[in-house]
Every structure is written in structure tokens, then in C-alpha cells.
Amino acid sequence: MEITQKNVQIAKDILKIMNEQQCTVAEANDILAFVRNQIYTTTTVQATISTNLSV
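Anyway, here's the lowdown on the structure attached to this text. Just so we're clear, the structure is a prediction, and the values are computed from it rather than from any experiment. (Residues numbered from 1 in each chain as written. Predicted model: local features only at pLDDT ≥ 70, side-chain atom pairs only at ≥ 80, totals over all residues. Heavy atoms only, no water.)

**As for the overall build of the protein**
Along its length, the protein carries three helices and zero strands. Reading the helices (α) and strands (β) of the protein from amino to carboxyl end gives α-α-α. Buried positions account for 7% of the 55 residues belonging to the protein. As displayed, the protein has an accessible area near 4900 Å², and 58% of this comes from carbon and sulfur atoms. (Helix = DSSP H or I, 4+ residues; strand = E, 2+ residues; numbered from the N terminus. Buried < 20%, exposed > 50% of the residue type's maximum accessible area, 1.4 Å probe, protein only. Areas by Shrake-Rupley, 256 points an atom, 1.4 Å probe, with all protein chains shown as cover.)

This is the structure:
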């Protein structure tokens, strides 16, 4: 990851949500892997958001 202020803030926001939801390390890892896979199967994050997530 390129360390930019934007990327650091997004990472902090993601961690805040996971903390609020009391995710375990395993759950957080699974969630991030799921999101990563969803983004890779589309061309952009915007396309991922606008489609139904494949479960």
C-alpha cells in the first residue's frame, strides 16, 4: 500500500468499524479477503458497490 494520508485514514476507518462490531482477528481477515475478492472480480470499487455482493 502506498502510504498516503488518504490511505491511512481509510485503514483507520475500517479498523474502527471492525472494532465497533467486535470482530475477531479471524473475522476481520475473512471480511478483508471477501472484500478484496469482490473488488478483483469487478473493475472498480464503484462497480463493486453498485452490484450485489456474491456470497
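**Some points on helix α1 (residues 5-20)**
Under the 1.5 Å per step criterion, the end-to-end length of α1 is 22 Å for 16 residues, consistent within 8% with the ideal 22 Å. Within α1, only one of the 16 residues are buried, which leaves the element largely exposed. Looking one or two residues beyond α1, the residue adopting positive phi is Q22, at roughly 55°. (Expected span 1.5 Å × (residues − 1).)

**Quick look at unusual backbone geometry**
Phi at Q22 takes a positive value of approximately 55°, unusual for a residue other than glycine. Residue position: Q22 is located in the loop between α1 and α2 (25-41).

**Some thoughts on a nonpolar patch on the surface**
On the surface, a cluster of nonpolar side chains totalling about 220 Å² of accessible area is made up of I10, I14 and L32. Structurally, I10 is set in helix α1. (Patch = residues over 30% accessible without salt bridge, like charges linked within 9 Å, V, L, I, M, F, W, Y side chains within 5 Å. Salt bridge = Lys/Arg side-chain N within 4 Å of Asp/Glu carboxyl O.)

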